[in-house]
Amino acid sequence: TRAIQGGELEIPVVFLELISENMYRYSKLLNRVRVRNVPGEARQTIAGTVPEAVWTEMCGAINELTFVFNQITLDGYKVAGYVPVCNSLLEDTVSNLDLASWIVEMLSESIGLAEDKAILYGKGSASHMPLGIVTRLAQDSQPDGYPANAPAWVDYSDTNIKKIDGTSLTGAEFWAQLAMAAGNTFTRYNRGEQFWAMNSKTYATLKSKLITFTATGDVVANLFGTLPVINGNIDVLEFMPDGDIVGGYGDLYLWADRRAMAIDSSEHVQFIQDNTVFRGKARADGAPIIPGAFVAININNAEVTTAMDFAADTANDADLTELAVGDETLSPGTFDPDVTTYTLSAAANASDKIEATPAQAGAEAAISYG
């Protein structure tokens with residue numbers, strides 16, 4: 001929408017296919033999981049235990065089979081961000097189209113990173129994001145509000161979270177231990193291929209376990225994007241901890257795509273700052289529908305990391321860091337941002353000043369009474 005010759009179709013048309021492509025180019029795990037496009041809050045039906053068909057005499061009556069169907073409910077949380085660009089920079093750029101292309105790439109990468117992280121470590125609906133594979137495997141008790149029509153809740157914290165001593169094991173012994181740990185992905189539901197996510201340091205460690213010498217003395221490490229012995233594609237994600245490998249049957253993680261990634265711009269958001277704001281956003285939710293189809297393994301004989309920090313939602317942070325009413329004593333006496341009710345130990349004076357300090361610099365605190 002900027003007044004630039006020939007740039008009228010810049011974002012909506014020229015980059016439409018690029019934006020769609022970038023979702024899968026920068027989010028590696030969207031290529032592995034099952035993606036469904038849904039218009040709103042979605043109650044997704046999934047198959048329960050499949051019964052065994054019955055053998056009988058050739059002309060005998062056919063037996064009725066009892067199929068059970070489960071459901072999970074997925075919402076549509078927003079993953080988004082914006083980039084302010086100085087208008088002078090836009091005006092001085094030789095090709096505004098090239099700059100817009102770079103911004104599209106940057107926003108796409110940012111959203112893709114957040115999506116991959118959520119698929120593995122997402123904290124669930126309480127944190128307004130998808131439920132991650134590792135987060136679900138680490139649950140050792142059924143969470144409150146677990147849907148009655150969902151698949152029966154199972155504790156996988158012991159069976160599907162494993163560690164092996166890759167610091168001392170080598171060769172066939174190491175791969176045997178890794179294969180046994182990965183074998184806990186056994187499920188009657190899988191239809192697709194396995195994937196394995198790890199960082200580049202862990203990937204290099206696996207390569208070192210496969211180094212051999214040929215008859216001519218050449219060094220060979222037969223690890224080229226597919227996990228040997230176990231099979232399954234490897235995805236390198238640098239936000240993962242060293243030594244951790246997370247994977248399984250990706251088609252048994254359901255990603256509900258409510259609105260595909262979109263990128264737009266506005267000159268009005270930061271008009272006084274003389275900036276144009278480019279915004280990228282998408283809406284989705286996700287959860288492992290058959291958690292037993294996944295495992296989390298640490299190959300350094302250390303505990304698997306089961307909780308991951310995410311970028312702080314500072315735009316919607318309404319926390320306080322301090323609260324005071326004159327010199328009066330508050331109860332509870334120690335301020336806690338998660339505690340929202342306080343009383344005074346004595347009647348307040350009319351001259352007492354209420355002071356509330358917001359966690360985010362520049363935020364305003366509104367005070368009302370009566």
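Scope of this entry: the structure provided in the associated data block.

Cut-offs applied
- Residues numbered from 1 in each chain as written.
- Predicted model: local features only at pLDDT ≥ 70, side-chain atom pairs only at ≥ 80, totals over all residues.
- Heavy atoms only, no water.
- Phe/Tyr/Trp six-rings, centres within 6.5 Å; stacked < 30°, edge-to-face > 60°.
- Helix = DSSP H or I, 4+ residues; strand = E, 2+ residues; numbered from the N terminus.
- Buried < 20%, exposed > 50% of the residue type's maximum accessible area, 1.4 Å probe, protein only.
- Lys NZ or Arg CZ within 6 Å of the ring centre and 35° of its normal.
- Core = buried A, V, L, I, M, F, W, Y, C linked by side-chain atoms within 4.5 Å.
- Contact = heavy atoms within 4.5 Å.
- Polar contact = N/O pair within 3.5 Å; in protein donor to acceptor, adjacent residues only side chain to side chain.

Here we look at the packing of aromatic side chains
Per the counting criterion, the structure on display carries three aromatic pairs. Consider the rings of Tyr121 and Phe239, whose centres lie 6.3 Å apart with planes at 75 degrees: the pair is edge-to-face. Of this pair, Tyr121 sits in helix α4 (residues 96–121) while Phe239 sits in the loop between β9 (233–236) and β10 (244–249), placing them 118 residues apart in sequence. Centre to centre, the rings of Phe174 and Trp175 are 5.4 Å apart; their planes meet at 85 degrees, and the pair counts as edge-to-face. Note on Phe174: relative accessible area 0%, which makes it buried. Among the residues examined, Trp175 registers a relative accessible area of 6% and is labelled buried. Sitting above the plane of the Phe310 ring, Lys117 keeps its charged end 5.1 Å from the centroid.

Focus: the nonpolar core
Formed by 36 residues in total, the largest nonpolar core has its most connected members in Ile119, Leu120, Tyr121, Ile133, Met240, Val246 and Phe294. Of all elements in the fold, only β3 (69–74), α4, α5 (133–138), β6 (194–198), β10, β11 (253–266), β12 (275–288) and β13 (294–298) reach the threshold of two or more residues within this core. Here the element with the most residues in this core is β11; it accounts for four residues. Those residues in contact with Phe294 that sit more than four places away from it in its chain are Ile133, Leu137, Asn160, Thr185, Phe195, Gly247, Gly248, Tyr249, Gly250, Leu252, Tyr253 and Pro288. In this structure, Ile164, Leu227, Ile234 and Ile297 belong to the second largest nonpolar core, which totals 19 residues.

Details of the side chain of Thr185
With respect to the element layout, Thr185 can be found in the loop between α6 (171–182) and β6. Side-chain polar atoms of Thr185 contact the backbone oxygen of Ala182, separated by 3.0 Å. Here Gln194 takes part through its side chain, which lies 2.9 Å from a polar atom of the side chain of Thr185.

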